[in-house]
Each structure stands twice: as structure tokens, then as C-alpha cells.
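Now for the letters of each chain:
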Amino acid sequence: MSQTATICPSQTTQHPFVSCRFVSSPIMSSSPSSLVLWATLVQVSQTNVKISPPKAFMDGDVIIGILSSVHSTIDNLQGRVRPEEFTCSNFDQISFVRMLAAIYTIDSINEANFLPGVRLGYAVYDPCADATKALHSVEQMLSTNGSLPVMDDYSEFRPQVKVILGARYSLLTIPVAKLLSLYLFPQISTTSSAVVLSDKLKFPGFLRVIPSDVYQTEALVQLIRHFKWNWVGLVSMDDDYGKGVHQSFLKDAEEAGVCVAFEQVIPHYLGHAESERRIKEVAKKIQLSDAQVVMVILRPELVKMLFEEMIRSNTTRVWIASDIWSRSADVAKMKDINKVGDILGFSFISGKITGFEQYLQNLPIGPGVRNDFIVEYKQKDCPADSPEVCSKPNADYLVKNTDLPVVYGERVAIWSIAHALKELLGCNETFCPGDTHFPPFELREKLQKVNFTLDGKTHFFNEDGDFEDGYDVIMWEPDGDHRRAEVKGNFTIQPKEVVVNNHDIIWTSTPNNTIPVSRCSPPCPPGSSKKVSNVSCCYSCTLCDEGFYSDRSDEDDCHPCPNDTWSQKGWTKCKPRTDKYLQWSDPYPIALLVGVGVGLLLLIIVFVCFIVYRNTVLIKSANPVMSYFMMVGLGVSFGSVVLFMDEPSIHLCRAQQTMYALGFTLCVSCILVKAFRTFLAFMAFDPVRHHRLNKLYKPLIIMVLATSVQGLVCVFWLIYDTPDVDQTPPSNQSMIHVLQCTEGSNVGFGVMHGYIALLALICFLLAFKGRKVPQDFSETGIIIFSMLIHLFVWLCFIPIYITKNESRPIVQASAILVSNYGIIFCYFIPKCYRAIWGKNTTERIRARLLKFSESKNRASVDSGLSSQDLVMDSGSHRSVSFALPPFKSSESLTDSVFLPTSRHPSLTSASPQSTSPSAEDLFFYPSRADSVSVITLPEVTLL
């Protein structure tokens, strides 16, 4: 026989989740020990048990537990020595409004009959922003008959509360989520953003309708980079949320090149003895730091304490707010909040809850509903002596003094639960056939897969149980004596990008609305890179080297120029090098071309002059054949100057050097023939030597041989190391690529010029021997001067050519022109002038011959020379000089006769005859001082 006993302690506080316990036990009157056990159980069951009921409760088929820290402080938590009841204080208006938004959404879902036949209820507990009390609140939610069952398998664990909304702070959410993971109990948060909560191995039942802090710190760093700040301070609290955001921010900041000037940590518990002292220390650190931007990861209450110190010390900074306080109305309405500087940060995506403002104005409590928080709110400002005032609170206070868009997450969370329930219960248009007394883990599975549209936007949880809506960029703008949060942009997670409208931001901490500057070092301008010291953000700027560039500010390194481009030191971009060569349109090439044209024109004029006056004594005496070859050589030399123009090629390089070498050598070879003829005349009074050297006087052969040697030099030069285009890359300091010809072999180039110089030197020496001959009959003077000019020009050319590498074409072309003009003006122009404008040329020549012969004959007589000594062979003619007897100065030489022996075999004839002189008649050969002058007269000449 058995009997059922009901144990319902009369003193047990009424609690929606506590019911009477029915104990079924056999009555064994025959067993004294059984009676003792029964008595003990009854005694224990009747012990006074005090269980705190929820502060707000509405019954329903499915109960949603809500953790809302309507109070932010537990009194005397440090002095707590017994596990007694907690006493909370400091009414938190924003948490209160968040709780009301969840309740309002639950009521809206019930009114809309979204779950036909199923009514949602709620049970609200206040953890007072403390993790321990939050665990106590969860224990109360999950308890059955006042206690939590201890089981090995919780698959059939079916508490009345099926899902928990909250808590507000990650500090509370993390321990609650750890506890709920035992049951795979679903938990949804609208504000807890700690990164660790995304770990599904540790927190399998946790979900949230906001992004993880892993995205928030990325967004914060991008916001800092957007305003070009890289030197920031960091202040955080020591709870799990603060530590997580702190470490995540340091990691993202380092990757983005943002440096932390200082790191300060404040105890999270408001009543902690160290909190006030630490806040003063942190405030002092902020004042002393040169970082103008401070990242603050604190609860709003701690932010208020910190800002009070900033206002007291008149310290202004740019404050970056984490999501935990970025829209805190309490901070925004602080006294003198406008003195702390600019405040900006991120908040979760917000929205408007339709009809919620009217609800806040009325704050209705329906029948059968308990809400002690509303009652407390209505009474919190009631004068003790005027309780009647409490029935008429300011209806618009919450609407005007609360940032309502921030509580939009409660609406989204409650609707996600409703959609999951609809799927779990198999609801249709009229009925939900599923069992509402289901184990909570089944709802968790449906929540993870939920995907719904609310207010025109689609919502779903990712594989980590997080939403990926992104963030709003907000800035606190002055609103009278307070501040209000205004959305200035957004951060999207896909892609990860901060978009801010800079023109819409008003900066109060700087003059002229300029963006504040917070850098360890001034930014390095484009064209330079950072030379980092010990801290990556503290550096000096160095200009990019040649061949490198940077096109943005604060580049870590300069970039190498791509192919075929180059840059100078400190450039912001690379450019193709400019090819430089003598172009036709450049000023100097034009001058060279004019010089070539004038030179060729002069040669033509000289040629015409020689043709026109070819029968004159002067032109005949100039050996016209050699003169014509000289003109040809100079013309070829002028032509080589033209080849220095335009972009060089291997063929132009070869042609310009070869043309000059052969052309000018031809000209100098002709001059050599003329100089040699003069030298023969000089040797005329040494019959033996004259006879020997006269055999070598072969003008055409000399010219051809001398030019051919130069030709052989050029051939060997072209074969073994030909001139080519210079492939030497330009110097690093130059953006100009000089295209010019290289000589190939310096030996070939030197031998070519050295050979010309050798010929010129020989010409000079031969002509210098006959320098005493009257210039009317000799070319010694013009040969001397023209060769001196050539030698001087090329002597100057050598050092200039060696040192001025980029100017070599100009130097060589100029030297060629000067050498050519030296011969034209020293040799040809005087002859043309005398041929055209000279008068009585023949008479002057004869007069000078007489005078010169007189002096030489006198010297000959004095030296005792006989007539036989003065007879010598001169090729086809007989050169004869008569030694005159001594005469007085008054005596005339008019009786002296010079006869060619070929026509006058007798050397004793003295009959004066007169004929017309030919070209060779008047050529005068200078003699040594002890010789008698000699003149060649193919035909009879009478002086």
C-alpha cells in the first residue's frame, strides 16, 4: 500500500516557476527507520525557501527569459562576506528601454497572431551588470520547483523558459553562455560582441543579432586610417569584453600600421576601490601623451568618470567609442560634455520600431502582467511627501531622452525567436500543431537556420551564430549643452570598407573645421618613404632613390620603376627616358647646318673664282689641280658633319667618321704636295740634295698614297672594332638617354686623327722652312696658318672630347667645321681676293724678283761662287742663275737675263728678249742665305 503526500510549504514565496512537489512513498508502519526518513523529508520540505520572482513576468505557452541590467550596480559587493541576497542600485535608463522594446515586440507578435494558438510570455530578471548575479538569474529561470535538476542526459530537460535574451554586456553573457552550453540552451544577445562568443565549441547555444568584435576592431582601425591617424591611445577595462577588444584592436592596428602610444586598463567593477585612482592615473597619462586620438573600450559609467577628469583638467581629445558606449545617453547628457572634444565611433545597425514611442509614453501594464521596473521608473523621482505626483509622470521623458534607434536589435532578436518557433511548431495560417513543451535545444537548431525578412531587410545567422549587418559610423554633435549621436557613414563586412562623408562632419576640437592630426611623425609626402626608428609610426622621411618612386603619402618603401622607365631622386612617378641626339630642329644642329651650308657655298665660290681666273699668274702658281682636290676633300669633310644629325645608327656612325677621315686627309695631302714643292725650292741651292729630293716630287702619287694610308686605317678600324651606337645606359641621375656614336676602338679613332695630325705637322714643318720667301711667290704663310689652326683645334678637341662624353658629337662636328674654315679662309679666300682685286700682279712679282735676286746674287759673289756652280737640272728645264759681278748700289740689274738651257744652250748670251710668262715662270723658290736665287723659266723672260 502506498500513499501520496503533498509538500507545499505554506511560507514559500509565490513564484511562477515554483509548484508543489508530490512525493509518493509507501507507509511502512512496521519499519521505524522508514518513518524516520519520511519525517526527515517532510521536515526538510517544510523549511522556509525564499526564491526571488522575476521583476517582470507575463505567462504564455512559450516563455522567453530576458536578462536586463536595469540597475547597473550591486551595493557593497566588495564587502559581501555571506552569500546573501544582492541589493542593486543606479537605475539604467537605456537597459530599461531595451527591456521595454523586447516586451513591446512580444506583445506585437501576440497581437498579430503570428503563432496561431501559441502565446509568447516573458520573464525578466535583473543581473545588475554583474556576472555572478547573472548566473543566479539564469539558475532561477531554469529551475523546476525551485531547483536545477542534476542529470546525466539533458535531452528531456524541459524548463518553462525556452530561450534567453541577453545579457547586455559580454562580461555577463560569457559566463551565462558557458552555463547554458551544458544544456545546449539557446541564448540571443543584441549587444554582446566579444570575439570569443563566436566559438561554437565553447558556446554552442549562443547567437547574436550583431557582428562580432573581430569586425568592430577592423572597422575602428579603418576609421582611424580614414582620417590618417596612426598615433592613438588605448583605454580598456579588465573584463572579458574589454580584454578581447583590446587584443583584437592591437592586432588589427599593427597590421594597418596604426601605433598605440599608450595602453591603460581600468577595473570594470564600478565599486572597485582602485577604479577612481586608476581613472585619475589614466587621465594624467592621456594629458601627458601627444596622441590626440584615444580609443576607449569602457562601460558608459566608467566613461563618465573618465570624462569628468578630462573636463576638470580641460583636456581635449578625439575619442573613439566602442559599441558599448557609442550611443550612451547618460554620457551624452553629462555636464560640460562639449568640453571633452570630438567623439565618434561605431554602433550596431539601428532602426525604428513602429508604435514604440506611443508605448513609452503610456507604459501600460496589462492584466495578469507584472512589471516592477515600470513601477520603479514611475516612482524614482517622486518626492517623499508628494506620492500623488507619481501617477502623472512626464510621458515624453523616455522618448526625448533615449536614443531609441539603438534598441532596434531587441525587435530583430524577438522576431528571430518567433520565426524559429513557427518552424519548430510547424505553424500554418490557423494553427501550430507542435508541442510547446519542447526541450530548448530543439529551438536552438531552428534558430541557427532561421532566415527571415523584417522591415524590408533579410536577416540570418552565419556559421558562427552572428549577424553580418555591419555598423553605423556615428559622431556626437553638439546639441545645446549636450550631445546627440548622428550617423555619418557605415562599415560593411562584405566588403570590409568604411564609407564616411567627410563634408558632413563638423570638428569642434580644431579651428576652421579641419581634421585633427594625431601622428608620431609628420606624414612623408609622395616621392619619399619612411625610415622607421624603434616604433613603426615614428620615422623620418627619405627621398626615393633614382629608379624608385612613391605616389602616395607614408609609403613604407619606394617602388622600383617598371621596364623602360626611370625616375629622379624624390619623384612620385616614373617616366620613359628621353632619347637625346642632334635633331634637325634643335638650335645647335641648325647652327652646324648653317655652317656646313656657308662652307659649301664658299667652296663653290672659290671653285668658280679659280675657273674664271684660271689664266692669271696667281691662280696658275697655286697648282689648280691640287687646289681642286683640296676643294673636293673639304666638301666631303663638310658632308660628314651632316651625318652627325638625326638618330644615330651603325651605318651613320661608320660613315661620319670615314667621310671626315678620307675627306680631310685628301685635303691635307694636297697641301702636303704644295708644301713639298716649297721645300724643294728651299733646297735648290744645295744641288745634290735638291737633285735627290726632286725625284720624289710626284704630286698625284703623293696625294693618292697619303690618302690611301688613311683609307687602310679606316678599313682596319671598321673590320676589327667598328664605330657603333653607344649602348652605355644613362647615369642614375639622368632622365636623358644620350644616343651617340661610339668610336669602337679608341686605337682606330686615335690613329685616324693622329695620321691627319702627322700630315698637318709635316706640312707645317715643310712650309716653315720656306717662310722667308716673299709671299707673292710662295704659299708658305697660308699653309703655316691653316695647319696651325687645324693642329690647335684638334689639340683642344682631345681633352674636351674625353671629358664631355654627352657633347662628343657637337665637339667633333664643331672641330671639323673650324678646321675646314681654317683652310678656306687661310688658303682659298686670300688667293681669290688677290686674283679678283689684285692690280699689276706681274709687275710687282718681277720687281720683288729683281730685288730678291739682287740680294742673293750679291751674297753669291761675296761667297765666290762661279757660273758653273749655278747650273742645275730641273726636270725638263734647265734652271740657270747668273752670278753677277760686284756692282754698286746705283747700278741696275736690268741687263740680267735668265734663259732656259733647253732653248738657249749658250750660257753667255746676254741679248734681252721678252716673252709672256707661264704659271711656272713666276714660281719663286726660296734659298738659303748663302745661295743665289733660282727661278724656273720654261720660256724666255727678260727682266
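Model, not experiment: these values are computed from the prediction.

Working definition: the strands of a sheet are paired by backbone hydrogen bonds and lie parallel or antiparallel to each other. Across the sheet, which stays open at both edges, the 8 strands sit in the order β12-β11-β13-β14-β15-β19-β20-β21 with mixed pairing between neighbours. Among the strands making up the open sheet, the edge pair consists of β12 (259-266) and β21 (497-500). Geometrically, the sheet is characterised by an average inter-axis angle of 25° between neighbouring strands, direction not taken into account. One ladder, built from 5 bridges, connects strand β15 (residues 341-348) with strand β19 (residues 471-479); its direction is antiparallel. Residue G345 lies in a different strand from β19, and its bridge partner there is I474. Sitting on the sheet, helix α5 (residues 213-226) touches β11 (231-237), β13 (293-297), β14 (317-321), β15, β19, β20 (482-492) and β21, and the angle it makes with β21 is about 50°.

Looking now at the packing of aromatic side chains. Summed over all chains, the structure comprises 30 aromatic pairs. Every member of this aromatic cluster is reached through a ring pair, and the members are F607, F610, Y628, Y827 and F828. Here K162 stacks its cationic end above the ring of F438, 5.1 Å away from the centre of that ring. When the ring centre of F114 is taken as origin, the NZ or CZ atom of K422, which lies over that ring, is 4.4 Å away.

This part covers the environment of T217. Looking at the element boundaries, T217 is found in helix α5. Looking at T217, the relative accessible area reads 0%, which means it is buried. The sequence separation of T217 and S322 amounts to 105 residues, and the corresponding C-alpha distance is 8.7 Å. In contact with T217, not counting residues within four places along its chain, are V245, S248, F249 and D252. Within the local environment of T217, its side chain forms a polar contact with the backbone oxygen of V214, the two atoms lying 3.4 Å apart.

With that out of the way, let us pick up empty space enclosed by the protein. Applying the stated rule across the entire model yields 5 cavities of 30 Å³ or more. Its boundaries defined by the atoms lining it, the largest cavity holds a volume of some 130 Å³. Along the wall of the largest cavity there are 16 residues; nearest its centre are L67, S68, R98, R168 and E410. Secondary structure elements with two or more residues in the lining of the largest cavity: β4 (62-67) and α2 (93-111). The element best represented in the lining of the largest cavity is α2, accounting for 4 residues.

Cut-off values and rules
- Residues numbered from 1 in each chain as written.
- Predicted model: local features only at pLDDT ≥ 70, side-chain atom pairs only at ≥ 80, totals over all residues.
- Heavy atoms only, no water.
- Pairing = 2+ DSSP bridges.
- Helix = DSSP H or I, 4+ residues; strand = E, 2+ residues; numbered from the N terminus.
- Axes fitted to C-alpha atoms, helices over the stretch in contact; angles between N-to-C directions.
- Contact = heavy atoms within 4.5 Å.
- Phe/Tyr/Trp six-rings, centres within 6.5 Å; stacked < 30°, edge-to-face > 60°.
- Lys NZ or Arg CZ within 6 Å of the ring centre and 35° of its normal.
- Buried < 20%, exposed > 50% of the residue type's maximum accessible area, 1.4 Å probe, protein only.
- Polar contact = N/O pair within 3.5 Å; in protein donor to acceptor, adjacent residues only side chain to side chain.
- 1 Å grid on protein atoms, 1.4 Å probe; cavity = no way out; pocket = protein on both sides within 12 Å on 5 of 7 lines; lining within 4 Å.
- Points joined across faces, edges and corners; volume = space filled by probe spheres on them.

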